[in-house]
Each structure stands twice: as structure tokens, then as C-alpha cells.
Amino acid sequence: MNRAIQQACELAHRSSHEFLMPEHVLLALCQIAPSFVNVLKQSLDCQPGELAEDVEKWLASQEKAPKPVDLELSSSMRRIFTICKGENADRVLCVTSFIEAMMRDAECMGTYLLTKHLKVTEVFLLLSLHEYCDAKDSYVAEEELDDDLDDLEDDDLDDDDLEDDDEMMGSPSDFASSSDWKQWTTDITAEATDHLPIIGREAELDRTIEVLCRMEKNNPLHIGEPGVGKTALIYGLAQRIAKGHVPYRLQKAHIYSIEMGQLMAGAQFRGEFEKRLKDVLDGATAQGNSVIYLDEIHLMMGGEQAQSDSISAFDVMKPYLDRGKLRFIGSTTYEAFNRTLAKSKAVTRRFQQIDIKEPSVEDTLRIVEALLPTFQNYHNVIYRKDAWTYAVESSARLITNRQLPDKAIDIIDEAGAYLEVHPRNRLHNYVTKSLVDEILNKVCRIDADALKEADNNSLKDLVTQMKSQIYGQDKAIERLTDAVMMAKAGLTDSDKPMASLLFVGPTGVGKTEVARVLARQLGVELVRFDMSEYAEKHTVAKLIGSPAGYVGYDDGGLLTSAIRKTPNCVLLLDEIEKAHSDIYNILLQVMDYARLTDNRGQQADFHHVIIIMTSNAGAQYASQASVGFTGHVSRGEAMRQQVKRVFKPEFINRLTDIVTFRDMDKTMATLILRKKLALLSDKLGQRQVKLTVSQQAFDRLLTLGFTPEYGAREMDRVIGNNIKPLLMRALLFGSLSKGGIATVDCKDGVFVVK
């Protein structure tokens, strides 16, 4: 580099230029640096003579000084020096750092001319310079460059320097062998014997071996959902190679895994990551009969967030993919493939796509059975056959956001770990079906005894328990519980939710309360949505998430997120008729296939959800059912006919049942009033106050609170406006501040508390 600087200064002096420019240095490198010239010709397929000619023409067109002046650094040259000084500290300038810094300067004519003559990307230029020019290259410090400018006439060329430049060249094989490239890889072939054996997947393994034996484009690409066994397939291939059960072409082959994290760890400067990757590929090529495994291959593409000037690892790999001497196996998911790889035809045409499907329950049973001895020896437990069979079948049915066999193996592994933490006082620890059920309840969040597979006792008294809390709606409760027990008995369609019910009736008769009581009795969470919030068309998107590019896209859907969080629940869609009609279109697929996809492509599973929708539609027409001389239509039938006018036929056709609630009568009002007063008495009991209500006060409350139009809610208003204010004053300022007995009476229509 010293000689190149001296030559550049002489070129600037002869051309009567006032400034030393990067183009002078580039021309000098083309003239007197054999290492740089050889890299351009042999590795980069560039003609240095043509490049030097273009640079010389451009320099001749530049303005000349009218008289000899002291040579100074141009602004571009100073920027290059600043960049190099920041990266190399006191060793400022070498061939590679100069070219890299110059390529960063978009305004430099040398950058344009060099890029014009290159037939490869910038990264290959830098890698080749790193490889062949840095080993023995001399560095120029800033003060040395100033001396060159001052002592220009005293500098001359030494033939020994030319010999030194020639010695900088080294062969690619020498470089690859001298680098410890295996530190960036994992030898899967050496670790295969310690890995779990692969069960099944014969078709996928055979297809992978066929692709590897091809002469061209011998690079398989495994695509499948997470957890289906893509990595296990590679270890299965390595086990076959170790046993010699492969064609002659793959005998004694080595599979090396490359991970982006290993290559990027500690890489500080631009090009260092690509250099490491090239070292690995050169080393594997030199070794021969090697296969490179690229897990999560979509990360090699640089990702969606990569900047426009970044170099992806795939750019480094392209020549090796084309040559066919080094085989590659990639693995990725369908989502990542569609988002990244499918957009690049240069990638897809070099790989042979192999789909890795989720194994069936029968195949998973065979896989788990073969793996049982390994887990039994590790956890020192014994798995009963009915337990691990139940684990596979239940995980396939209940865990919907993961794939077999991964989710079944996790349940079995966790059951063994549970017995290690909570050992039984026995000679042998057995993993039983009840223990697997307990693990599944934690993983799937099924805390309800009524929804568990083997427990039906809590359903026996479901009707009685609900009737004791909901008054006057016996027929509605019976139809509701019949639908729930029908789903538990397995007599409904397995592709639908447990039940999809529409509650219709006047306001205040207990539609919402029935949903609350049902969730409480089943032991599941009640997920409630007030559908009046979704009356506008644009608000419907909040349930499944906003489209891409709109505000709230990253937040996901409210409904889908709630169901993924609590997949076993009672879903209450209150006042459904007040929502926009687009809501019904969303619910169609939920009631038909028990699945809902949000804006990000993630599915929420409704198989273990009881969907309850409430509506007041038709309630105002129920009183007209028997009007006229020929009126013989029941109130329930009148409401049903109006519901069919409000809701679309395809919506009604997917409902499990339409449950009609009765209007409130005097008997129902009496029972409800007693329940409300009992709740008030419980609250007062916490303040050491006992509540008694006289018959006159009870009758007066019933008279004021019984209105068929407003239902039970009127009862709450009457108690809140007439009784609670009196009790409030007595509790805060009166005789009940320290507890006692509160007697509510009514005299001349006025309530008093004694």
C-alpha cells in the first residue's frame, strides 16, 4: 500500500492536479499491485486494464493547476481516511480498507468505475481482498501519508516491494485449510448417535436422499409447521449415514449445521460475518462429501427489516449452490417460506421443496411407543399404556396451536418430570391417566370438572343447581343443559363448538344471568362482549384485528385473543342484534368449523367453547301474539318468527337451538325479590348487621318492582332507591354503625328502618 500511495502522488504530480484523489490510488493499484490485479482477474472476472483505462481518461478530464502547487488530500480522500482510522485504529490504511471505504462513498467516481467493471457483488470483492491481500499487506498511517506528500520527489520504486506483493497471494485451498472453519458449525453426524431415533418418515427420508444424489440442484428444502419433526428428520438422515444405509454417493458423508447466531456472534465489522460464512463453505468444499444444514433458512435472506444496502448470506451461498459440489439442506415453516423465500425465484429454483406434514394420531402413537424407554430411563418412571395413549389422543384433540408429535411428547415428558418433583411413596412411580389429565389441565387450562374427559358427576346436578338460582325459566334451562350434555356425550358434530345458542326474550328475564350461572356451575370463565360496541362497520375489525397498514394491526383481534387465552369458556355475545350485520358473517365460520383466523393468520379454536348470544328481537311483538279473533300463536312462536326476520337464514341454520325466555309473572317476581333481599342481607352480614323485612314492606317492594316490561332490573332500582339509602344512613351515622338488627317496615307507603 505504501508503494501505491507513492505512485498515486506521482500520478497527481505529473497530471498537475492540486489534490490527491481516490482515483489516483485506484489507478496506482491497477498499475503496480499484483495482488490487487490478480484478485480482479482470477476471482472477480474483471479486466484491470480496462478499469485503469477508464480511470485514466477521467483523471485527464479533471482541472489542472496553472502552476505547480503543494499536493493536498481531496475531500473524498479525507473521508476515506476518517472511515479507515475509525475501524483500524493506528493501522489506518490497507488495500482492503481503502476499497471498502471508497465503496461507501457514493459521490466518488472511483466507486462508479469499479462497480461498472465488476461482475459480482460488493461483498465478493471485499471477501476476496480480505482473503488474498490482508495477510501480508502493509498499513499506512496518516503521518506516513503526509511524509509521502512532502517528500514526493525523493520516493522511488523498489523491485523488492513488487516481490512482497506477489508473496501476498495464497491459494483458496491453503486459506480454507488454515482456518478453523468447524468452530462455526455443529457436526450433526457425530451427534446423531446421542439423539432420539426417528420413527416413521420413510417417504420423506427417501425423497431427501434422492434429491441429495442428483447431479444438479441437489439441495432439499424441508417445509413444515413447527414441531412436526424437521430437525429430527436431519438426525435420522445422519443416523442412516452412520449405519451405512444410504447410497454409495452419501457413504461417509458429514452433515454440518450452520446457525446464524454462531456466525454473527462477535462479528463487529462489515464483511466479517460474510467472511466467516465463506470460510465454512470453502472448508466444507475442500473436505469433500459434506452436507450443510441450514435451520431456519429464511434468516439467511436478511429478513423483512433488512436495509436496502445489506448483503444477505444467500448472496454468498449462490455460487456454491450452482456448482453442486457442496450440498445444502434447508428447513423453514410455511409462514416464513411465503413471507421470505417464495418471493425470491433465485432461491426456490435452486432448492427442491419437500413438505413435512403433521403425522397422524396413529403414527404419533408409534413414535411415542418407540421413545418411551428413553423417557422411562431418564425420569426413572413407568408409563402405563392407557396413560401415554390418552396423552397422544388428548393432546391432538385439546392442544390446537401446536403440532404432533411435539405436543404429545411434551405432555409425556412433563408427566415424568412431575413425578420427579412430586414422587409417590412407592417402589415404582407410575404415570397414570389421571396424572396425564392433570398435566393436560395445566397446559390447556381446563379447570372445569364438567368438561374433563372422565368426569360426568358435576353434570348430573347441573339442571337442579341452575334452577335454584334462575327462577321461572325452567324450560329454557332444560334446553340449555341438554345442549351442553349432548356435546359432552359426543353426539354432536366434532367440528363445531360445544353449543351455539341464541337466547331471545324480553329485557330483565335472566338471559345474561343464565350465562353467568352456567359458567359458574361448569367452573369455566365467562368471556363477555357487549355487541352494542360493534354497531359500526369499522368496529367489526376489532374482533379479528385491523388489516395490515391500519392502526391496531399489531394488537391482534379482541375475540381471537380472548379465546386463545381461555380456550374453554362460555362466550357471551350480549345484545347481538345491536351489532353490525358483518358480525354475523364472522360468526358463520365459528359456528360451522369452530375456528376463527385473525388478521395475522393465527387461528383461535372454539371446539371447547359454549357460545351464547342474547337478543331482545321480537320481544315487543310477543304481546301481540293472541290479538284478534283468530289469534292462537303463542308468545314464544311470535318471538321466533320475528327473530327469523332480523337474522339471516344461514345464521339461524347454524344455531344449535333458539331458547325462548318467558315474560316475568307475579310468582317469578316474588322469587326474584327474595333472592335480591338475600343478597343484600349477605352484604349487611359483613358489617355485623342482620336484616329482616316485614310482610308489608315485602308486598310494597313487590308492587313497586313488578313490571313485565322491565323485568328483574326494576326490582334492583326499587331496592336501591327505597331501602339502601335508609340502611346507608343507619350504618354510617345511626344505630347500626356497630352492628345490630335492621328491620325494614312500611307505613302508609313509606319505608322505615328500625
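Just so it is clear, the structure is predicted and the values come from calculations on it, not from any experiment. Residue positions are given per chain, counted from 1 along the sequence in the order it is written. Only residues with pLDDT of at least 70 are given local features in this predicted model, and only at 80 or more are side-chain atom pairs given and counted; all residues enter the totals for whole chains, interfaces and linings. Water and hydrogen atoms play no part in the side-chain values, which are based on all heavy atoms of the structure.

(A) A look at the side chain of Ser615. Per the convention used, a helix needs a DSSP run of H or I reaching at least four residues, while a strand needs a run of E reaching at least two, with both numbered from the N terminus. Within the secondary structure, Ser615 is located in strand S16 (residues 609-615). The class of Ser615 is buried, set by a relative accessible area of 1%. Residues adjacent in sequence count toward polar contacts only when both atoms are side-chain atoms; beyond that, a polar contact is any pair of N or O atoms within 3.5 Å, and within protein one must be able to donate a hydrogen and the other to accept it. At 3.0 Å, the side chain of Ser615 and the side chain of Glu577 are in polar contact. Only heavy atoms enter the contact rule, under which two residues are in contact if any of them lie within 4.5 Å. Apart from the residues lying within four places of it in its own chain, the contact partners of Ser615 are Leu502, Phe503, Val504, Gly505, Lys511, Ile576, Glu577 and Phe647. Think of it in three bands: residues with accessible area under 20% of the maximum for their type are buried, residues over 50% are exposed, and the middle band is partly exposed, with areas taken using a 1.4 Å probe on protein chains only.

(B) Geometry of the sheet that holds strand S18 (residues 689-693). Between any two strands, at least two bridges found by DSSP are needed for them to pair. Spatial ordering of the open sheet is given by S18-S19-S20, a layout of three strands whose pairing is mixed. At either end of the open sheet lies a strand with only one pairing partner, and these are S18 and strand S20 (750-753). Each strand axis lies, on average, 20° off the axis of its neighbour in the sheet, ignoring direction. Axes, fitted as lines to C-alpha atoms, cover a helix only where it is in contact. Angles between the N-to-C directions of the axes lie from 0 to 180 degrees. Seen against the sheet, helix H35 (residues 695-705) touches S18, strand S19 (740-747) and S20 and runs at an angle of roughly 60° to S19. Sheet strands in contact with helix H37 (residues 724-732) are S18, S19 and S20, and its direction is about 25° off that of S20.

(C) The arrangement of the packing of aromatic side chains in detail. Aromatic rings from Phe, Tyr and Trp, with only the six-membered ring used for Trp, were paired whenever their centres fell within 6.5 Å, and each pair was classed as stacked if the ring planes differed by under 30 degrees, edge-to-face if by over 60, and tilted otherwise. Tallied over the entire structure, the rule returns five aromatic pairs. An angle of 75° between the planes, with centres 5.3 Å apart, marks the rings of Trp181 and Tyr256 as edge-to-face. Here Trp181 is found in the loop between helix H11 (172-178) and strand S3 (185-187), whereas its partner Tyr256 is found in strand S5 (residues 254-258), with 75 residues between them in sequence. A residue is classified by how much of its surface remains accessible, and Tyr256, at 2% relative accessible area, is buried. Ring plane angle 70° and centroid distance 5.4 Å describe the contact between Tyr584 and Phe647, whose orientation is recorded as edge-to-face. With Tyr584 in helix H30 (residues 582-593) and Phe647 in the loop between helix H32 (635-646) and helix H33 (649-652), the pair connects residues that are 63 residues apart, well separated along the chain. Across the pair, exposure class does not vary: Tyr584 and Phe647 are buried alike. Among the aromatic residues, those joined into a cluster by ring pairs are Tyr584, Phe647 and Phe651. We call a charge positioned over a ring when the NZ of a Lys or the CZ of an Arg lies within 6 Å of the ring centre and within 35 degrees of the ring normal. The ring of Tyr320 is capped by Arg323, whose NZ or CZ atom sits 4.9 Å from the centre of that ring. If you follow Arg384 out to its NZ or CZ, it ends over the ring of Tyr430, 4.4 Å from the centre.

(D) Representation of the side chain of His379. Tracing the chain through its elements places His379 in helix H20 (residues 361-379). Since its relative accessible area comes to 5%, His379 is described here as buried. At 2.7 Å, the side chain of His379 forms a polar contact with the side chain of Glu420. Apart from residues no more than four positions distant in its own chain, His379 is found in contact with Asp413, Gly416, Ala417 and Glu420.

(E) The arrangement of the sheet that holds strand S13 (residues 569-574) in detail. The sheet built from five strands is open, its strands ordered S12-S13-S16-S11-S17 with parallel pairing. Of all strands in the sheet, those with a lone pairing partner are strand S12 (525-530) and strand S17 (657-660), marking the two edges. Across the sheet, the mean angle separating the axes of adjacent strands is 20° when strand polarity is ignored. Strand direction decides the pairing type here: S12 and S13, joined by six bridges, are parallel. Within S13, the residue paired with Leu526 across the bridge is Val570. Along the sheet face, helix H29 (residues 558-565) touches S12, S13 and S16 and points at about 175° away from the line of S12.

(F) Examining the nonpolar core more closely. Formed by 41 residues in total, the largest nonpolar core has its most connected members in Leu29, Phe36, Phe98 and Ile99. When contributions to this core are tallied by element, the ones reaching two or more residues are helix H1 (2-14), helix H2 (22-32), helix H3 (34-43), helix H4 (48-60), helix H5 (75-88), helix H6 (95-104), helix H7 (109-117) and helix H8 (122-133). With residues up to four places along the chain from it excluded, the contact list for Ile99 reads Leu26, Leu29, Phe36, Leu114, Leu125 and Leu129. To qualify as a nonpolar core, a set must consist of buried Ala, Val, Leu, Ile, Met, Phe, Trp, Tyr and Cys residues joined through side-chain atoms within 4.5 Å. Judged by nonpolar contacts, the second largest core, of 37 residues, contains Phe529, Ile563, Ala604 and Met613.

(G) Just a nonpolar patch on the surface, in detail. Patch membership needs two things, relative accessible area over 30% and no salt bridge, and members are linked within 9 Å if like-charged or within 5 Å if nonpolar (Val, Leu, Ile, Met, Phe, Trp, Tyr). In short, Shrake-Rupley with a 1.4 Å probe defines the accessible areas, and a residue's cover is counted only from the protein chains shown. The salt bridge criterion pairs a side-chain nitrogen of Lys or Arg with a carboxyl oxygen of Asp or Glu, the two atoms within 4 Å. Where nonpolar side chains cluster on the molecular surface, the patch consists of Met728, Leu732 and Phe733 and spans about 360 Å² of accessible area. Tracing the chain through its elements places Met728 in helix H37.

(H) Focus on a negative patch on the surface. Charged residues are defined here as Lys and Arg on the positive side and Asp and Glu on the negative side; His and the ends of the chain fall outside this count. To locate a charge, take atom NZ for lysine, CZ for arginine, CG for aspartate or CD for glutamate. Judged by side-chain charge, Glu18, Glu63, Asp70 and Glu72 come together as a negatively charged surface patch. If you trace the backbone, Asp70 turns up in the loop between H4 and strand S2 (72-73). For Asp70, a relative accessible area of 68% gives the class exposed.

(I) Structural context of helix H34 (residues 666-685). For a helix, the expected span equals 1.5 Å multiplied by the number of residues minus one. If you check H34, its first and last C-alpha atoms are 29 Å apart, about what 20 residues at 1.5 Å a residue would give, namely 28 Å. All of the buried residues along H34 are Met668, Ala669, Thr670, Ile672, Leu673, Leu677, Leu680 and Leu684. In the core, the buried residues of H34 are packed alongside S18, H35, helix H36 (713-722) and H37.

(J) Fine view of the confidence of the model for the chain. Within the chain, residue pLDDT values average 82, and 84% of them lie at 70 or more. pLDDT expresses how confident the predictor is about each individual residue, on a scale running from 0 to 100. Of all secondary-structure elements in the chain, the lowest mean pLDDT belongs to H11, at 38, while strand S4 (residues 220-223) reaches the highest, 96. Low pLDDT (under 50) marks residues 152-179, which in the prediction has 41 contacts with non-local residues, meaning those over four places away or in another chain. Contacts of residues 303-310 to residues separated by more than four positions or lying in other chains number three contacts, the stretch itself having pLDDT below 50.

(K) Looking closely at the packing of H36 against H37. Their axes nearest at 4 Å, the elements H36 and H37 cross at an angle of 35°. The residues of H37 that touch H36, namely those facing Ile719, Gly720, Asn721 and Asn722, are Lys724, Pro725 and Leu726. Lys, Arg, Asp and Glu make up the charged group, whereas Ala, Val, Leu, Ile, Met, Phe, Trp, Tyr, Cys and Pro make up the nonpolar group; the residues left over, Gly among them, are polar. Residue composition of the contact of H36 with H37, grouped by class: three nonpolar, three polar and one charged.

(L) Main features of unusual backbone geometry. The amide bond that connects Leu404 to the next residue, Pro405, takes the cis arrangement and shows omega of 0°. Relative to the helices and strands, Pro405 is located in the loop between helix H21 (385-398) and helix H22 (406-421). Phi at Lys217 takes a positive value of approximately 50°, unusual for a residue other than glycine. Take Lys217: it is sitting in the loop between helix H13 (202-212) and S4. Located in the positive-phi region is Lys252, a residue other than glycine, with phi close to 60°. Relative to the helices and strands, Lys252 resides in the loop between helix H14 (230-243) and S5.

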